[in-house]
Amino acid sequence: MTSVFTPGAPSLLVGQDLGCVRGERLVFGGLDLSVGPGAALVLTGPNGSGKSSLLRLLAGLLAPARGRIAWDGVPVADDPEAHRARLVFVGHHDPVKPGLTVAENLKFWMTMRDGIGDIGPALAALGLDRLADQPGRYLSAGQRRRLNLARLAAVPARLWLLDEPTAGLDSAAQAMLAALMDRHLAGGGLIVASAHGPIGLGRAATLELVR
Amino acid sequence: MTSVFTPGAPSLLVGQDLGCVRGERLVFGGLDLSVGPGAALVLTGPNGSGKSSLLRLLAGLLAPARGRIAWDGVPVADDPEAHRARLVFVGHHDPVKPGLTVAENLKFWMTMRDGIGDIGPALAALGLDRLADQPGRYLSAGQRRRLNLARLAAVPARLWLLDEPTAGLDSAAQAMLAALMDRHLAGGGLIVASAHGPIGLGRAATLELVR
Amino acid sequence: MSLHRFANPARFLRLAAIVQPWCVGLGALCLLGGLYLGLLRSPADYQQGETVRIMYVHVPAAWMALFVYANMALASAVALIWRHPLADIAAKNAAPIGAGFTFVALVTGSLWGQPMWGTWWVWDARLTSVLILFFLYLGHIALVNAFDDVERGARAGAILALVGSVNLPIIKFSVDWWNTLHQPASVLRLDGPTIHSAMLTPLFLMAIAFTLLFVALLLINMRAEIVERKIRNLRRARAAES
Amino acid sequence: MNAFAALVRRDLRLALRQGADAAMVVAFFVLTVVLFPFGVGPEANILARIAPGILWVTALLAAMLSLDRLFQADYDDGSLEQLVLTPAPLALIVLAKCLAHWLTTGLPLTLAAPILALSLNLGTEGYPVLVGSLLLGTPTLSLLGAVGAALALGARRAGVLVALLVLPLTIPVMIFGVGAIDAALAGLSPRPHLLLQGALLLAALPLCPWAAAAALRQAME
Amino acid sequence: MNAFAALVRRDLRLALRQGADAAMVVAFFVLTVVLFPFGVGPEANILARIAPGILWVTALLAAMLSLDRLFQADYDDGSLEQLVLTPAPLALIVLAKCLAHWLTTGLPLTLAAPILALSLNLGTEGYPVLVGSLLLGTPTLSLLGAVGAALALGARRAGVLVALLVLPLTIPVMIFGVGAIDAALAGLSPRPHLLLQGALLLAALPLCPWAAAAALRQAME
Ligand code: HEM
Ligand SMILES: Nc1ncnc2c1ncn2[C@@H]1O[C@H](COP(=O)(O)OP(=O)(O)OP(=O)(O)O)[C@@H](O)[C@H]1O
Ligand SMILES: Nc1ncnc2c1ncn2[C@@H]1O[C@H](COP(=O)(O)OP(=O)(O)OP(=O)(O)O)[C@@H](O)[C@H]1O
Ligand SMILES: [Mg+2]
Ligand SMILES: [Mg+2]
């Protein structure tokens, strides 16, 4: 198992000796990682190597089979609600309701995080402003993905966990996402993202998972 | 609307003046295309420009609002069953049943096309041989995609319609797919594929859709 | 672009604009005549007394309930076979009107039943099959409105109307049989009493009035829907341009 | 034909591996039938009198429970579009799915019915006819249900909608089913009723798959 | 609390979009009730006798028909994992979904019940108790159903178990509901039955969301 330590002073998100078991099979074990403010970590590795699993572990959707995950030195398992409040997770699925319009879909996810602001800028950040009134059912695959990613712009959160965020995006949308990520990092945010190719995170550390 | 004609002698798949209406909105109109044996056509364009819609049109899943699609000069609408028998369509969704193993999943789709051969080579062609007995529910996103693509190797068909086939694939799988496509083209097959980046089809014509 | 499919609706709209006032006018005339003759001039029944006058609403409404469904099935067949968009719209908009007539037949029948049979409802064959017809209408309406895509709903509705039209006679027949098996022969019904011409004339006038009313309502609904679709298309087109 | 068998086999396998639907159907059937003695009171003669009706109505309702899922799962994961693209006629594919549905709902219901009839004190003459009428009638329910399920695909609230579409169409099946049992109990011949049920099945056998196939093709758009 | 209201509002909006859905539940309810006269025959006194049972069975069925989709749709499209990742407690989220479900199923059913009871010739003493027992009982059905729906998500082989575990839990709800109405019809006090129903509701209110939340978390794995 490969492990990577991002050296740096105050390291916010730390995983130590992480192990993950899925379907009664060990996916990875003894994994260490650490991401500081303004830093990004890119997970790479072949299909089935555990990138998505690791992201779900970091989000708290999966319980680690061993090891611990800490934020600022405090194990996230101690206060899962605070951890959930500080992260946005973008998974393989796009949570888009066919019966709601684009604006309603985004608004909903915003309200669920106690945001009550304006969704306009978030829609614009991913080029969805013209589609605001379309029902989700009418979106193309890339448009759904954009809507999923728009949550990043709509909800303030320190930690972004992105699972192959560029899948299905055209080059314009990829650039928009890259800009968004840059701004997030510049503001001291953290990103952990999985990818099979470049996703526009220039100076990010890489964690290569093997099978 | 852009249109591209692949010049060449016997041109098998021809679309003339194609128009597509979805959700009561015109997606594209007046589109011409033609693909000959051993040739590939790559559809590009921004999100929502109609790549998937065009592929569904060519597969016969959508009826064109105008224009006609012909195979060897015969409109495919005249004999839809023959058209279905000659194509394999790989869409955005991966038709994988969580309750069936990888082998069972593939075997099923093979039998539905009256194939009764061995699925071993098809699994191997996408590096799934080690996973043959895993239930579909345990597959990672890329593994599901591989299983979907394995149908290409399992079912003999002249025409491959591939909607962003490389989404979620690691580089090894992308190479396997490229090899598969090369072999298909060398054998006189046809490919129409949509993509946001290079998908390993070297000398293919490109049809750029605009919004 | 999808407007091209409504190229001939322009002609339809023009035609409808001419026909509709005539339907309304003639319908109103027949209605007034029928009501006048039925309620004021026709004799009270020797058995039923004044309540027989409910007949002038009840019977034409019951006829319309069946007539509208037949039309709907016909329009659906046209829509499915020739993909004619107007037939789609006709079938879709006929359903609520037909449901309305069926409801009127049920309510007036109930109101009539109370003095006649001493109860609002009995599980009699004819009553029950009208009730099922009402549900077929409701199912159709629910299905057509259950999709975000208007055309998809309309086409699903067309298939349902056709399946229902095959089933309707079967239902009627089975319910008749069911009833003869369970129900004692004491079902109260005017077994084809020879109807006075003084009753027959207003009855027919009312039937004509209801038919014209149906045509007028259908035209109004269809025109509204066509205009609505046009507006939606324009709005979409503008959104796509901006 | 190969494709037909393969699809039936797959659906059966999926049903047996996950099993929630079929079990739910039978459990619902048993529960509701058992409920009526509570409502009506334990008088054996009244129970016996309404037994055929209760059994048929609850069988019908139980079948409704799993219908909305008939095509939905395949629709959601993209299997349905692949099935539509199979060279086999779509009506045949619908028929295969109906057969699998019947094997996992109609058949278990039919098998469970005699035991439940016992708890309702059904007269002994009724048993063979009960089983026979369910055997003839439940396939028609699956076929009609397929039409409703295909029509409601992609609609909101598919479950209730399917029931709303299908129940009125199934009333004749039930009427003849109950009629057959009642006739047997009354010492009359159940034959005409059973023949009519058979006729309904024969009529539904070609018509319903055709209508459902048309509806499925719509849903692909 | 904001999140709670937002979720209820979203689910209601999804259910009510274009307004036909509550009507659909009521139509379904009416239709199901209509089936019984076909089954058991039109005799008014027998119908009146089984009316409470019919009404309750239908309520259960309506609840179940829409319940299996309670979390499934959110699970399939990834909304559920996002809901789980919301800072709000998961049990609260379950509660919000139950409330939305009840508002679109249980409530319309309760409101429609008296009219249906009329067509079944229910005795006049039964009406207030009918409404009261449905008001007390249908929320419990929604809550219990949520547990079942959540368990079914993660369940592999357990699917059968779920059906067999959760469904029987609804029996007491129904039995007390029917019992209350019967008691009122017989001139007895329905109070003990209603109190028991209330107790069930009070027990389900904290327990079910908690159990369902645990099951949902499992399903995320
Ligand atoms: C809700 C209750 C009722 C329903 C659903 C109902 C339904 C119908 C229907 C469908 C028809 C037209 C059928 C045809 O022409 O073949 C009809 C006709 C008629 N109904 Fe009713 N009915 C109801 C109650 C009553 C009552 C209470 C009476 C009077 C005692 C009544 C008297 C008639 C008469 C006289 C006709 C015309 C018969 C004929 O044209 O031969 N109906 N009803
Ligand atoms: N099921 C549908 N119903 C109605 N409209 C749809 C549907 N699916 C897509 N559309 C619309 O049709 C247009 C083309 O969609 P399509 O999926 O073909 O785009 P695409 O080029 O494949 O995009 P992507 O790169 O995002 O996959 C889009 O504007 C979309 O809003
Ligand atoms: N729900 C699940 N239950 C059990 N095992 C699973 C589940 N999902 C994935 N797995 C297994 O866990 C391993 C890691 O899967 P994961 O999804 O994390 O891979 P990944 O690196 O994200 O792959 P991809 O590049 O294909 O997305 C795989 O071997 C897979 O078979
Ligand atoms: Mg992954
Ligand atoms: Mg696409």
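Rules used in this analysis
- Residues numbered from 1 in each chain as written.
- Chains lettered and ligands numbered in written order.
- Predicted model: local features only at pLDDT ≥ 70, side-chain atom pairs only at ≥ 80, totals over all residues.
- Heavy atoms only, no water.
- Helix = DSSP H or I, 4+ residues; strand = E, 2+ residues; numbered from the N terminus.
- Rg over C-alpha atoms; globule rule 2.2 N^0.38 Å.
- Buried < 20%, exposed > 50% of the residue type's maximum accessible area, 1.4 Å probe, protein only.
- Contact = heavy atoms within 4.5 Å.
- Areas by Shrake-Rupley, 256 points an atom, 1.4 Å probe, with all protein chains shown as cover.
- Lys, Arg positive; Asp, Glu negative; His and termini not counted.
- Charge placed at Lys NZ, Arg CZ, Asp CG, Glu CD.
- Donors = N, O, S within 2.8 Å, 3.2 Å for Na, K, Ca; no water.
- Near = heavy atom within 4 Å.
- Polar contact = N/O pair within 3.5 Å; in protein donor to acceptor, adjacent residues only side chain to side chain.
- Nonpolar A, V, L, I, M, F, W, Y, C, P; charged D, E, K, R; others polar.
- Pairing = 2+ DSSP bridges.
- Axes fitted to C-alpha atoms, helices over the stretch in contact; angles between N-to-C directions.
- Least-squares fit on C-alpha atoms with pLDDT ≥ 70 in both.
- pLDDT = per-residue confidence, 0-100.
- Parallel < 35°, antiparallel > 145°, perpendicular 65-115°, else oblique.
- Left-handed = near helix turned anticlockwise from the far one by under 90°.
- Expected span 1.5 Å × (residues − 1).
- Arc of directions from axis to C-beta.

**Quick look at the overall build of chain D**
Across its full length, chain D holds nine helices and zero strands. Mapped in sequence order, the helices and strands of chain D form the string α-α-α-α-α-α-α-α-α. In terms of C-alpha radius of gyration, chain D reaches 18 Å, essentially the compact-globule figure of 17 Å for 221 residues. Out of the 221 residues in chain D, the part that is buried amounts to 67%. Counted over contacts in chain D with a minimum sequence separation of 6, partners at least 24 positions apart contribute 81%. Accessible surface, chain D: about 6,400 Å² in total, of which carbon and sulfur atoms supply 71%. For chain D, the distance from the average position of its 11 positive side-chain charges to the average position of its 11 negative side-chain charges is 4 Å.

**Comments concerning the coordination of the magnesium ion (ligand 5)**
B:S52 (OG) and B:H92 (NE2) make up the full set of protein donors to the magnesium ion (ligand 5), lying at 1.9 to 2.4 Å. Residue B:S52 is found in helix α1 (residues 51-59), and its partner B:H92 is found in the loop between β6 (87-90) and α3 (102-112); the two are separated by 40 residues along the sequence.

**Points about the site of ligand 2**
For ligand 2, the set of nearby residues contains 22 residues, the closest of which are A:Y138, A:S140, A:G142, B:S52 and B:S53. Mapping the residues near ligand 2 onto chains gives chains A and B. Within the backbone of A:G142, one N or O atom sits 2.6 Å away from an oxygen atom of ligand 2. A distance of 3.1 Å separates an oxygen atom of ligand 2 from a polar atom in the side chain of B:H196. Isolated, ligand 2 exposes 630 Å² of accessible area, and the fraction of that covered by the protein chains is 92%. Taken together, the elements giving at least two residues each to the shell around ligand 2 come down to α5 (141-154) of chain A together with β2 (25-35) and α1 of chain B.

**A closer look at the site of ligand 1**
Residues and elements named next belong to chain C. Residues in contact with ligand 1 amount to 17 residues; listed here are only the nearest, H58, A62, W63, L106 and R126. Between ligand 1 and the protein, one listed contact pairs an oxygen atom with a side-chain N or O atom of W63 at 2.9 Å. If you tally residues by element for the shell around ligand 1, the top one is helix α3 (residues 85-117), at seven residues. Looking at side-chain class alone, the shell around ligand 1 contains 11 nonpolar, four polar and two charged residues.

**As for the sheet that holds β6(B)**
Residue and element names in this part refer to chain B. If you trace the five strands from one edge of the open sheet to the other, you get β6-β7-β8-β3-β9, paired in parallel fashion. Of all strands in the sheet, those with a lone pairing partner are β6 and β9 (205-208), marking the two edges. Averaged over all pairs of adjacent strands, the angle between strand axes in this sheet comes to 15°, irrespective of strand direction. Here strand β3 (residues 40-44) runs beside β9; their pairing, made up of four bridges, is parallel. Among the inter-strand pairings, L41 is bridged to a residue of β9, identified as A205. This element, helix α5 (residues 141-154), spans β6 and β7 (159-163) of the sheet and lies at about 170° to β6.

**Looking at the environment of B:A157**
Residues and elements named next belong to chain B. Here A157 lies in the loop between α5 and β7. A residue is classified by how much of its surface remains accessible, and A157, at 15% relative accessible area, is buried. Here the alpha-carbon distance between A157 and G189, two residues 32 residues apart in the chain, equals 7.8 Å. Residues in contact with A157, not counting those within four places in the same chain, are R86, L87, V88, R113 and H184.

**Thoughts on the relation of the copies chain E and chain D**
Under the fitted operation, chain E is carried onto chain D by 1.1 Å of movement along the axis and a turn of 174°, and the coordinates agree to an RMSD of 0.9 Å. Looking at chain E, 83% of its interface residues are interface residues in chain D too, so the copies touch through the same face.

**Digging into the confidence of the model for chain A**
Low pLDDT marks regions whose predicted coordinates should not be analysed in detail. Residue and element names in this part refer to chain A. Averaged over every residue, the pLDDT of chain A is 89; residues scoring 70 or more account for 94%. By mean pLDDT, strand β9 (residues 205-208) is the weakest element of chain A at 90, and strand β7 (residues 159-163) is the strongest at 96. This stretch, residues 1-9, has a pLDDT under 50; its non-local contacts, to residues over four places away or in other chains, come to 18 contacts.

**Details of the packing of helix α2 (residues 55-82) of chain C against α3(C)**
Residue and element names in this part refer to chain C. Running from amino to carboxyl end, α2 crosses α3 at an angle of 160°, the nearest separation of the two axes being 8 Å. One way to sum up the angle between α2 and α3 is to call them roughly antiparallel. Like other packed secondary-structure pairs, α2 and α3 cross with a definite hand, here left-handed. Considered class by class, the residues forming the contact of α2 with α3 number 20 nonpolar, six polar and one charged.

**Notes on helix α6 (residues 171-186) of chain B**
Residue and element names in this part refer to chain B. Taking 1.5 Å of rise per residue, 16 residues should cover 22 Å, and α6 covers 22 Å from first to last C-alpha, within 8% of that figure. Regarding α6, the residues found buried are A173, L177, A178, L180, M181, H184 and L185. Looking straight down α6, one finds its buried side chains confined to an arc of 165°; they lie on one side. In α6, the exposed positions angled more than 90 degrees off the buried face are occupied by S171, R183 and A186. On the buried face of α6, the contacting elements are β3, α4 (120-125), α5, β7 and β8 (190-194). Where α6 ends, the next residue or the one after it, G188, has phi of about 90°, a positive value.

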